[in-house]
Amino acid sequence: METKKSLINHKKVWGVVVGLGLTGLLLTAGFYTGYIRCNYPSKKQYPIRGIDLSAYQGTIDWSKLHNKEINFVYIKATEGGDFIDKKFQENWKEAKNRNINRGAYHFFTFCKSGEVQAENFIKVVPYDSNALPPVIDLEYGGNCKLRISRSQLRKELRVFEKKLEERYHKKPIWYVTQEFYEDYIMGDSQSYRLWFRDIYSEPKIKDSRNWIFWQYANRGHQKGISTYVDLNVFNGNENEFKNLMKIE
């Protein structure tokens, strides 16, 4: 038969278990909703911050976005050979109206040639000498099921890159996930700048290559945007950031 002392000890144990369980649930909910993150980049170290947008964010209240908080915005324009983001033109125009530095990105797929994809992007994204360099989104998530060799991908990418450089006079930036980078990019084309996605820690790239942008969160919150939004920082100072927009 349990003594009074053992019953008290059991209650204490259960109290600890319940408390830990509730703490775990709160932490899980916090991470899921984006109110708790793994990364909190220092504003002193990374003062230049931005977001990237697509139609997923819906209609944005641009009056609530302030360029003192958001220094740049990258906007999805196209995907593959024929997809056009339905919010691109609206977001592109509003970013300029709000005097927020803007750039456009293309989701590169395995299923279409580099030439066809470049034509799609160029058809949609107007030339703007003051825009940030175009970005090529390279990742597995959301891509078509086809898989091609590393050499095939690089061949199609070179065609895509060349056409964009000829049109916009700026070398594109590669947005990459760690997995995609290590499978297809690592050790190749060191001249192309990287925008690295790592929502768990500051990027530590295996071949010690530097990154220029870091997407540190994918469930960020921002006034004027009703959904989650990706959060990013620029790796450099204001002058280096301005140099990105110079004609090359």
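A. Quick peek at the environment of asparagine 120. Structurally, asparagine 120 is set in helix H3 (residues 114-124). The sequence separation of asparagine 120 and aspartate 82 amounts to 38 residues, and the corresponding C-alpha distance is 6.0 Å. Non-local contacts of asparagine 120, meaning those with residues more than four positions away in its chain, are made with Thr78, Glu79, Gly80, Gly81, Asp82, Phe83 and Ile84.

B. Highlighting the environment of glycine 80. Note that glycine 80 resides in the loop between strand E2 (72-79) and strand E3 (83-84). The buried category is assigned to glycine 80, whose relative accessible area is 5%. Separated by 31 residues in sequence, glycine 80 and cysteine 111 place their C-alpha atoms 7.5 Å apart.

C. The arrangement of helix H4 (residues 150-168) in detail. Between its first and last C-alpha, H4 extends 26 Å over 19 residues, near the 27 Å set by a 1.5 Å rise per residue. Regarding H4, the residues found buried are Leu153, Arg154, Leu157, Phe160, Glu161, Leu164 and Tyr168. Along H4, the residues classed as buried sweep out an arc of 130 degrees about the axis, all on the same side. For H4, exposure combined with an orientation more than 90 degrees from the buried face picks out Ser151, Lys155, Lys162 and Glu166. Check the buried side of H4 and you find it contacts strand E4 (101-107), H3, strand E5 (135-138), strand E6 (173-177) and helix H5 (178-185). Once H4 ends, the next one or two residues include histidine 169, with phi positive near 60 degrees.

D. Expanded view of the nonpolar core. Counting residues in hydrophobic clusters, the biggest one holds 50 residues, and the most contacted among them are Val125, Leu138 and Ile185. Among the elements that make up this core, the one with the highest residue count is H4 (5 residues). Not counting residues up to four positions away in its chain, the partners in contact with valine 125 are Ala77, Phe88, Trp92, Ala104 and Tyr168. Ranked by size, the runner-up nonpolar core spans 15 residues in total, among them Phe72, Tyr175, Phe234 and Leu244.

E. How the structure looks around the pairing of E2. Of all 8 residues that make up E2, 7 are buried, and the element is covered over most of its length. As defined by bridge partners, strand E1 (residues 49-53) adjoins E2 across 4 bridges and the pair is classed as parallel. In the sheet register, leucine 53 faces E2, and the bridge partner there is isoleucine 75. Taken together, E2 and the strand that follows it, E3, pair antiparallel across an intervening segment of 3 residues, in which glycine 80 is found at a positive phi of about 60 degrees.

F. Structural detail: the state of the cysteines. All told, the structure shown has 1 disulfide when counted by the stated rule. The disulfide that involves cysteine 111 links it to cysteine 144, with 2.0 Å between the sulfurs. Linking cysteine 111 and cysteine 144, the disulfide has an S-S dihedral of approximately 115 degrees and is accordingly described as right-handed. Of the two residues, cysteine 111 sits in the loop between E4 and H3 while cysteine 144 sits in the loop between E5 and H4, which places them 33 residues apart along the sequence.

G. View of the side chain of aspartate 198. By the secondary structure assignment, aspartate 198 is in the loop between strand E7 (194-197) and strand E8 (213-222). For aspartate 198, which is buried and forms no salt bridge, the nearest opposite charge comes from arginine 197, at a distance of 7.1 Å. Here the side chain of aspartate 198 touches tyrosine 200 through a polar contact of 3.0 Å, landing on its backbone nitrogen. Within polar-contact distance, the side chain of aspartate 198 engages the backbone nitrogen of serine 201 at 3.1 Å. Here aspartate 198 is in contact with Asn39, Gln178, Pro203, Trp214, Gln215 and Tyr216, once residues within four sequence places are set aside.

H. Up close: the packing of aromatic side chains. One pass over the structure, following the stated rule, counts 24 aromatic pairs. Both rings, one in tyrosine 46 and one in tryptophan 214, keep their centres 6.2 Å apart while their planes meet at 75 degrees; by these two values the pair is edge-to-face. Of this pair, tyrosine 46 sits in the loop between helix H1 (4-33) and E1 while tryptophan 214 sits in strand E8, placing them 168 residues apart in sequence. Classification of tyrosine 46 as buried rests on a relative accessible area of 3%. Residue classification places tryptophan 214 among the buried residues on the basis of a relative accessible area of 3%.

Definitions and limits used
- For every chain, the first residue of the written sequence is number 1, and numbering continues from 1 along that sequence.
- Reporting in this predicted model follows two pLDDT cut-offs: at least 70 for local features of residues, and 80 or more for side-chain atom pairs to be given and counted; totals over whole chains, interfaces and linings ignore these cut-offs and use all residues.
- Remark: hydrogens and water are excluded; side-chain values derive from all non-hydrogen atoms of the structure.
- Going along the chain from the N terminus, every DSSP run of H or I of four or more residues is numbered as a helix, and every run of E of two or more is numbered as a strand.
- In this analysis, two residues are considered to be in contact whenever any of their non-hydrogen atoms come within 4.5 Å of each other.
- Burial here depends on accessible area, computed with a 1.4 Å probe over protein chains only, as a share of the maximum for the residue type. Under 20% is buried, over 50% is exposed, and the range in between is partly exposed.
- Take the number of residues in a helix, subtract one, and multiply by 1.5 Å to get its expected span.
- In this description, the arc belongs to the directions extending from the helix axis to the C-beta atoms.
- Among buried residues, those of type Ala, Val, Leu, Ile, Met, Phe, Trp, Tyr and Cys that are joined through side-chain atoms within 4.5 Å constitute a nonpolar core.
- Only strands joined by at least two bridges in the DSSP assignment are considered to pair.
- Two cysteine sulfurs form a disulfide in these notes if their separation is within 2.5 Å.
- Neither His nor the chain ends is counted toward charge; the positive residues are Lys and Arg and the negative residues Asp and Glu.
- One side-chain nitrogen of Lys or Arg within 4 Å of one carboxyl oxygen of Asp or Glu is enough to make a salt bridge.
- Polar contact is defined as a pair of N or O atoms within 3.5 Å, subject to the rule that within protein one atom must be able to donate a hydrogen and the other to accept it, and that residues adjacent in sequence are counted only when both atoms are side-chain atoms.
- Only rings of Phe, Tyr and Trp enter the pairing, Trp through its six-membered ring, and a pair is recorded when the two centres are within 6.5 Å. The plane angle decides the type: under 30 degrees is stacked, over 60 is edge-to-face, the rest tilted.

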